[in-house]
Amino acid sequence: MNACLYCEGVHTSQFTFSQFLRGVENGLCELCLKKCLFIKEPYCLLCGRSLLRLSSQFIDHDICKDCAIWKTSSYEGMMTKNRSLLHYNDFMKEWMKRFKFQGDYALLPSFKKEWRSLFYQHFKTCSFIIPIPLSEERHFERGFNQSEALASLLPRQIVSPLSRIHTEKQSKKNKQERLQEELFSFSFSRKLNNEEVLLIDDIYTTGATLYKASKVLKQNGAGLISAMTLARS
Ligand SMILES: [Zn+2]
Ligand SMILES: [Zn+2]
C-alpha cells in the first residue's frame, strides 16, 4: 500500500480501476484527486483556461477576452499557447502553498503522470525546456525553484538562459508601466537558432510573466514558444 503524498492517508488495498490505470507511481489518493479539477475542452486556444467556466461576454470566438487583449498588444504572437493541467481551485491553492511556500518538495510527483501526458499531447516537438527563473533571493528563501522542479519531470533537456532582473516593488507602478517593464535578461552560450522551446511555470495568472519571458527569447532567436503550467487561475 502507498500513502497519499498529500493527505498521507493510506490507499485502500482494493484498487479501483482508475487507480490501476494510474499505476503504482500515483501520488494522490482518490479522495484528494476528487478535489482536483483537471482542465478539459473546450478551453481558450491561447491560454488554455476552461471556456465552460467563463460567461459568454468573456469569450471571443475560441479565445478568452484576456487573450484577445494580449493579441492587440506588442506581445502579439510572442507565445503560441499555454496549456495548464488543473484549475487553481481551493485544493490547488493549498497544494501550492505547501509545495511552494512551505517547500514541501516531496509533493512534486503528485500529478506526474497527467503532467507528462499533457506534455506528450501538446509539446512533444519542442527542442528544449526553459523553466521560469526565480530571483536569487526567492530561490534562497525557498530552497528550490518550483518551475525547475516541474520541468525536471519532463523528458527534455532543460536549459536556463533567463535570469530575473531586479525590479522595484510592482505596487509602485501603474498598469502601463508594469506591462512595459522588463522582467528577464538573456544569457546563454549561443543565440537560439529558431528552436521550438517550452516555458514551464507553476501558475498562469495574467500571462504577463510568460509573455515577457517569450519576448526576450524571441529577441534572442527562439522559434515557436509555448508554455506549460501546472495550474490556471
Ligand atoms: Zn490523499
Ligand atoms: Zn485565453
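It should be noted that the structure appears before, not after, this text.
One structure accompanies this document, and this report is about it. (Residues numbered from 1 in each chain as written. Chains lettered and ligands numbered in written order. Predicted model: local features only at pLDDT ≥ 70, side-chain atom pairs only at ≥ 80, totals over all residues. Heavy atoms only, no water.)

Observations regarding the coordination of the zinc ion (ligand 2)
Working reference: metal with six octahedral donors, ideal angles 90 or 180 degrees; metal with four tetrahedral donors, ideal angle 109.5 degrees.
Reasoning step 1: Taken together, the protein donors to the zinc ion (ligand 2) comprise C44 (SG), C47 (SG), C64 (SG) and C67 (SG), at separations of 2.3 Å.
Reasoning step 2: Of note is the zinc ion (ligand 2), whose four donor atoms meet at the metal with angles of 105 to 121° in an arrangement that counts as tetrahedral.
Reasoning step 3: Donor residues for the zinc ion (ligand 2), ordered by position in the chain, follow C-x2-C-x16-C-x2-C. A residue pair is termed long-range when its members are at least 10 positions apart, and C47 in the loop between α2 (30–34) and β1 (59–60) and C67 in helix α3 (residues 65–71) qualify at 20 residues.
Reasoning step 4: On the accessibility criterion, C47 (1% relative accessible area) is buried. (Donors = N, O, S within 2.8 Å, 3.2 Å for Na, K, Ca; no water. Tetrahedral: all angles 85-135°; square planar, octahedral: opposite > 155°, others 65-115°. Helix = DSSP H or I, 4+ residues; strand = E, 2+ residues; numbered from the N terminus. Buried < 20%, exposed > 50% of the residue type's maximum accessible area, 1.4 Å probe, protein only.)

Looking at the side chain of N82
Reasoning step 1: Here N82 is to be found in strand β3 (residues 82–87).
Reasoning step 2: There is a polar contact of 3.0 Å between the side chain of N82 and the side chain of T229.
Reasoning step 3: Ignoring anything within four residues of it in the chain, the contact list for N82 reads L46, C47, G48, Y204, L210, A227, M228, T229 and R232. (Polar contact = N/O pair within 3.5 Å; in protein donor to acceptor, adjacent residues only side chain to side chain. Contact = heavy atoms within 4.5 Å.)

What about the sheet that holds strand β4 (residues 128–131)?
Reasoning step 1: Pairing is parallel in the open sheet, where four strands are placed in the order β3-β8-β7-β4. Every other strand in the sheet has two partners, leaving β3 and β4 as the edge strands with one partner each. Taking the axes of each pair of neighbouring strands and ignoring which way they run, one obtains an average angle of 20° across the sheet.
Reasoning step 2: In this fold helix α9 (residues 208–219) packs onto β3, β4, β7 (197–204) and β8 (225–232), with an angle of close to 160° to the strand it touches most, β7. (Pairing = 2+ DSSP bridges. Axes fitted to C-alpha atoms, helices over the stretch in contact; angles between N-to-C directions.)

Looking at the coordination of the zinc ion (ligand 1)
Reasoning step 1: Note on the zinc ion (ligand 1): its protein donors are C4 (SG), C7 (SG), C29 (SG) and C32 (SG). The metal-donor distances range over 2.3 to 2.4 Å.
Reasoning step 2: Geometry at the zinc ion (ligand 1) is tetrahedral, judged from the four donor atoms that bind it and their angles of 107 to 115° at the metal.
Reasoning step 3: For the zinc ion (ligand 1), the donor residues sit on a single chain with the sequence spacing C-x2-C-x21-C-x2-C. Assigned by exposure class, C29 and C32 land together as buried.

Section: the layout of surface pockets
Where empty space is left can be seen by rolling a probe of water-molecule size over the atoms.
Reasoning step 1: Counted as a void, the second largest pocket has a volume near 250 Å³.
Reasoning step 2: Lining the second largest pocket we find 14 residues, and of these F38, I39, L85, L118 and Q121 sit closest to its centre.
Reasoning step 3: Going through the elements one at a time, β3 and α5 (112–122) are the ones with two or more residues in the lining of the second largest pocket.
Reasoning step 4: Class assignment for the residues of the lining of the second largest pocket results in five nonpolar, five polar and four charged. (1 Å grid on protein atoms, 1.4 Å probe; cavity = no way out; pocket = protein on both sides within 12 Å on 5 of 7 lines; lining within 4 Å. Points joined across faces, edges and corners; volume = space filled by probe spheres on them. Nonpolar A, V, L, I, M, F, W, Y, C, P; charged D, E, K, R; others polar.)

Quick notes on the pattern of salt bridges
Reasoning step 1: Here the structure, examined in full by the defined rule, presents five salt bridges.
Reasoning step 2: When the shortest N-O distance is used, the salt bridge between E94 and K97 registers 3.6 Å. Note that E94 and K97 are positioned in helix α4 (residues 90–101) at a spacing of three residues, about one turn of the helix.
Reasoning step 3: Note that K100 is salt-bridged to D202, the shortest N-O span being 2.7 Å. Of this pair, K100 sits in helix α4 while D202 sits in strand β7, placing them 102 residues apart in sequence.
Reasoning step 4: Judged by relative accessible area, K100 falls into the buried class, the value being 10%. (Salt bridge = Lys/Arg side-chain N within 4 Å of Asp/Glu carboxyl O.)

Side note on empty space enclosed by the protein
Reasoning step 1: Within the structure shown, the criterion is met by one cavity of 30 Å³ or more.
Reasoning step 2: There is about 30 Å³ of room inside the largest cavity.
Reasoning step 3: Lining the largest cavity we find W95, L108, F111, K112, W115, L150, L153 and L230.
Reasoning step 4: For the lining of the largest cavity, the residue count by class is seven nonpolar, no polar and one charged.

Points about the packing of aromatic side chains
Remark: the centre distance and the inter-plane angle together describe each pair of aromatic rings, the angle taken between the planes.
Reasoning step 1: What the rule picks out here adds up to 11 aromatic pairs.
Reasoning step 2: When the ring of F186 is compared with that of F188, the centres are 6.4 Å apart and the planes differ by 75°; the resulting orientation is edge-to-face.
Reasoning step 3: Through pairs of rings, three or more aromatic residues link up here, namely F38, W95, F99, Y105, F111 and F144.
Reasoning step 4: Here R98 stacks its cationic end above the ring of Y6, 4.4 Å away from the centre of that ring. (Phe/Tyr/Trp six-rings, centres within 6.5 Å; stacked < 30°, edge-to-face > 60°. Lys NZ or Arg CZ within 6 Å of the ring centre and 35° of its normal.)

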